[in-house]
Amino acid sequence: ERLYLHLKTQDNTNIILRSAHQGNFIYVQINAKTDFILDKGSDNAIVCFDTKNDKTILAQKDDYCFSTTLNGKNSFTYQGGSPFALSGNFEKIPNHKGFVAIGSTSGKYDRYSIYQHPVYEFKIPLDVLGRSDNYGFYFSTFNANSYNTYSWPPQIQTKNFMTIPSPSQWGDLISPDKSLS
């Protein structure tokens, strides 16, 4: 099962998200193809899954987010259910041993742009998410140079790049052939 999403914003920012399921992992790649000023350690991306897709107002234990920064040495996993509203009711938890997230720059043979831009790649274990044919889904990228956050669904407005919006606002990631059920 594969997903391709091309997000083009009013300020002509282009972000391409691709995802795929293979074996016991969901893979997500985000190309911030019009971000040409590479702010290492500051530009970042986050992907979130509501594993029950119950669209709760407050993040619950079944809600997970995964983040990485451009050329950062660490990536993080966040789980809902925290009592702290300032963090969107998410708290950092230890990464699963199979989780990998990398923020790097594209090469000259990149399919989306000949100009270097941030690329974020996530390998997320289904041991964390569980198998479902219908997840709540959200992602965002932060461009440190412009101090803009770009997200999908696009109507979500975040207060800052550190705030994860309510799962009630997230979109849906559906597997039509039910390959993840």
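Residues numbered from 1 in each chain as written. Predicted model: local features only at pLDDT ≥ 70, side-chain atom pairs only at ≥ 80, totals over all residues. Heavy atoms only, no water.

K.L.:
How would you sum up the packing of aromatic side chains? Please name residues and give values.
P.N.:
The way to describe two aromatic rings as a pair is by their centre distance and the angle between their planes. Evaluated as defined, the whole model comprises eleven aromatic pairs. Taken together, a centroid distance of 6.1 Å and an interplanar angle of 50° make the contact between phenylalanine 25 and tyrosine 27 tilted. Between tyrosine 138 and tryptophan 170, the ring centres sit 6.1 Å apart and the planes meet at 20°, which makes this aromatic pair stacked. Of the two residues, tyrosine 138 is situated in strand S10 (residues 134-143) and tryptophan 170 in the loop between strand S11 (148-152) and strand S12 (171-174); the sequence distance between them amounts to 32 residues. Judged on exposure class, the residue tyrosine 138 and its partner tryptophan 170 are both buried. One aromatic cluster in this structure is built from Phe49, Phe66, Phe99, Tyr135, Phe137 and Trp152. A cation over an aromatic ring shows up here: lysine 123 above the ring of phenylalanine 25, its NZ or CZ 4.4 Å from the ring centre. (Phe/Tyr/Trp six-rings, centres within 6.5 Å; stacked < 30°, edge-to-face > 60°. Helix = DSSP H or I, 4+ residues; strand = E, 2+ residues; numbered from the N terminus. Buried < 20%, exposed > 50% of the residue type's maximum accessible area, 1.4 Å probe, protein only. Lys NZ or Arg CZ within 6 Å of the ring centre and 35° of its normal.)

K.L.:
Residues and numbers for the side chain of serine 106, please.
P.N.:
Summarising the element assignment, serine 106 is placed in the loop between strand S8 (100-105) and strand S9 (118-125). Beyond its immediate stretch of four places on either side in the chain, serine 106 contacts Tyr115, Gln116, His117 and Val119. (Contact = heavy atoms within 4.5 Å.)

K.L.:
So, the pattern of salt bridges: which residues are in play, and what are the values?
P.N.:
Evaluated as defined, the whole model comprises two salt bridges. With a shortest N-O distance of 3.9 Å, lysine 61 and glutamate 91 are connected by a salt bridge. Taken together, the residues span a long stretch of sequence, with lysine 61 in the loop between strand S4 (44-50) and strand S5 (63-69) and glutamate 91 in strand S7 (residues 90-93) at a distance of 30 residues. Residue lysine 61 is classed as partly exposed on the basis of its relative accessible area, which comes to 48%. (Salt bridge = Lys/Arg side-chain N within 4 Å of Asp/Glu carboxyl O.)

Just geometry here; none of it tells us what the structure is for.
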